[in-house]
Amino acid sequence: MKTLFFDQTESYILFIILFISLYINKYAMIGIIGIIIFLIFFYRIPEMQINMSKDILASPCSGKIIKIEDLNDSYKLYIFMSPLDAHLQIIPFDGKIIKYEFIKGKKKLAYKIEEDNYRSRFLTHINTNYGMIEIIQNTGVLARRIKNNLKLNDNVKKGDILGIIKFGSRVDITIPKTFKLLKELNDTVFIGDSFAKL
């Protein structure tokens, strides 16, 4: 199992807590080791079966589709990720990053869609030959940190790592109606699944 490495601050905190637990008792140390094992599992890079056909749009994450909005010229899908889902996100389709923006907000439950304007989130717009795709990485009550690996004007390929949201959260994806949806409301999706088709 591959895993994303902790960033420097997280690594320092974990090692300090582990060191302190050595002096408390063996139960504290066992608890800390258990937390570290969970975090390694949580930050994992899952095995992905990505259909690399040029007409297939891949699922950007794993989770459950909790809402589908039919907009004028696009569909917006809301994917809730439980703490057991891999929290990695990928690029769903080839294109170019034309917007890259972090919006600071408050702690809100990830499935409470009506509170989206108040939560912390990261917007990424990908310009493709078939229209613009928007991916929003949303924080939840526990998730306060979003790591986005890309930069403005990056050329990206389907399957490239977009980033990770740390702990229970949600990903929203808006895709143009040039694509036909292959998933329905309440479907469980896995990162890299065939999500829509030209």
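Cut-offs applied
Residues numbered from 1 in each chain as written. Predicted model: local features only at pLDDT ≥ 70, side-chain atom pairs only at ≥ 80, totals over all residues. Heavy atoms only, no water. Helix = DSSP H or I, 4+ residues; strand = E, 2+ residues; numbered from the N terminus. Buried < 20%, exposed > 50% of the residue type's maximum accessible area, 1.4 Å probe, protein only. Contact = heavy atoms within 4.5 Å. Areas by Shrake-Rupley, 256 points an atom, 1.4 Å probe, with all protein chains shown as cover. Pairing = 2+ DSSP bridges. Lys, Arg positive; Asp, Glu negative; His and termini not counted. Salt bridge = Lys/Arg side-chain N within 4 Å of Asp/Glu carboxyl O. Phe/Tyr/Trp six-rings, centres within 6.5 Å; stacked < 30°, edge-to-face > 60°.

I tried to follow the overall build of the protein chain on my own but got confused; where do I start?
When helices and strands are tallied, the protein chain shows two helices and 16 strands. Relative to its full complement of 198 residues, the protein chain shows a buried share of 44%. Look at the contacts in the protein chain between residues 6 or more apart in sequence, and 71% of them connect residues 24 or more apart. Approximately 10800 Å² of the protein chain is accessible, and the part contributed by carbon and sulfur atoms is 58%.

Just to check I follow, could you spell out the sheet that holds strand β4 (residues 63–70) for this structure?
Across a sheet, paired strands are connected by hydrogen bonds in the backbone, their directions being either parallel or antiparallel. Read across the sheet, eight strands follow the order β11-β7-β8-β9-β13-β5-β4-β15 without closing on themselves; strand pairing throughout is antiparallel. The open sheet terminates on both sides in strands that have one partner only, identified here as β11 (155–156) and β15 (188–189). Relative to strand β13 (residues 169–176), strand β5 (residues 74–81) is paired through eight bridges, and the arrangement is antiparallel. Opposite Leu77, over in β13, you have Ile173 as the bridge partner.

Sorry if this is basic, but what is going on with the side chain of Glu134 here?
Mapped onto the secondary structure, Glu134 falls in strand β9 (residues 131–138). With no salt bridge to any partner, buried Glu134 finds its closest opposite charge in Lys76, at an N-O distance of 4.7 Å. In this structure Glu134 touches Leu123, Thr124, His125, Asp172, Ile173 and Thr174, once residues within four positions along its chain are discounted.

Would you mind showing me how to read the pattern of salt bridges here?
Once the charged atoms of two side chains with opposite charge are near each other, the side chains can pair. Counted by the stated rule, this structure contains six salt bridges. Ionic pairing is found between Lys54 and Asp94, a salt bridge with its closest N-O pair at 3.7 Å. Here Lys54, found in the loop between β2 (44–45) and β3 (56–58), pairs with Asp94, found in the loop between β6 (88–90) and β7 (95–103); they are 40 residues apart in sequence, far enough to count as distant. Residue Lys54 is classed as exposed on the basis of its relative accessible area, which comes to 65%. Judged by relative accessible area, Asp94 falls into the partly exposed class, the value being 25%. Where Asp193 meets Lys183, a salt bridge forms, and the shortest distance between an N and an O atom there is 4.0 Å. Taken together, the positions of Asp193 in the loop between β15 and β16 (194–197) and Lys183 in the loop between β14 (180–181) and β15 put the pair 10 residues apart, joining distant regions of the chain. Taking relative accessible area as the criterion, Asp193 reaches 19% and is therefore assigned buried.

Please explain the packing of aromatic side chains as it appears in this structure.
The geometry of an aromatic ring pair comes down to the distance between the two centres and the angle between the two planes. Inspection of the entire model under this criterion finds five aromatic pairs. Taken together, a centroid distance of 5.1 Å and an interplanar angle of 85° make the contact between Phe93 and Phe179 edge-to-face. On the criterion of sequence distance, the pair formed by Phe93 in the loop between β6 and β7 and Phe179 in the loop between β13 and β14 is long-range, its members being 86 residues apart. Residue classification places Phe93 among the buried residues on the basis of a relative accessible area of 6%. The buried category is assigned to Phe179, whose relative accessible area is 2%. Both rings, one in Tyr130 and one in Phe179, keep their centres 6.3 Å apart while their planes meet at 75°; by these two values the pair is edge-to-face.

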